[in-house]
Amino acid sequence: MEKLQSLEQFEKLKKNERVVFMFSADWCPDCRVIEPILPSIEADYPEYQFIYVDRDGFIDLCGELSIFGIPSFVAFHEGEEAGRFVSKDRKTKEEIEAFLNSLSS
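Residues numbered from 1 in each chain as written. Predicted model: local features only at pLDDT ≥ 70, side-chain atom pairs only at ≥ 80, totals over all residues. Heavy atoms only, no water.

Visitor: Is there a simple way to explain the sheet that holds strand 5 (residues 80-85) in this structure?
Guide: Strand order in this open sheet of five strands is 1-3-2-4-5, and the pairing throughout is mixed. What marks the edges here is a single partner per strand, and that holds for strand 1 (2-3) and strand 5. Taken together, the five bridges between strand 4 (residues 72-77) and strand 5 define a ladder with antiparallel strand orientation. Directly across from Ala 75, in strand 5, lies its bridge partner Gly 83. Packing against the sheet, helix 5 (residues 93-103) makes contact with strand 2 (19-24), strand 3 (49-54), strand 4 and strand 5, and its axis sits at approximately 155 degrees to strand 5. (Pairing = 2+ DSSP bridges. Helix = DSSP H or I, 4+ residues; strand = E, 2+ residues; numbered from the N terminus. Contact = heavy atoms within 4.5 Å. Axes fitted to C-alpha atoms, helices over the stretch in contact; angles between N-to-C directions.)

Visitor: Teacher, can you tell me more about unusual backbone geometry here?
Guide: Note on backbone geometry: most residues besides glycine have negative phi, and most peptide bonds are trans. In this structure, Pro 71 follows Ile 70 across a cis peptide bond, with omega equal to 0 degrees. If you trace the backbone, Pro 71 turns up in the loop between helix 4 (59-64) and strand 4. Of note in this structure, Glu 78 is not a glycine but carries a positive phi near 50 degrees. With respect to the secondary-structure elements, Glu 78 resides in the loop between strand 4 and strand 5. A relative accessible area of 52% means that Glu 78 is categorised as exposed. (Buried < 20%, exposed > 50% of the residue type's maximum accessible area, 1.4 Å probe, protein only.)

Right, dumping it as structure tokens:
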């Protein structure tokens, strides 16, 4: 998964057709749990570009987007927020897939 490098890159990427930002951190145990399933989710949803956002590196962006729990996912479609799966709870593969499926409906 590509890592976000700058706020300028975020602004550019969110204008893409379908992009999902995954907010995470190296110290987050719930984030480590889903790490092994992320490649298969990326492979199953090739229509989306997935971007890893380090919460600690982009704390102001997290505040702007009301990301107060990780891991969390925010999807954009051509600059507009298309959906979010944001909570402090641990996510399962099934929950992440249900979120992604809800974006195309």
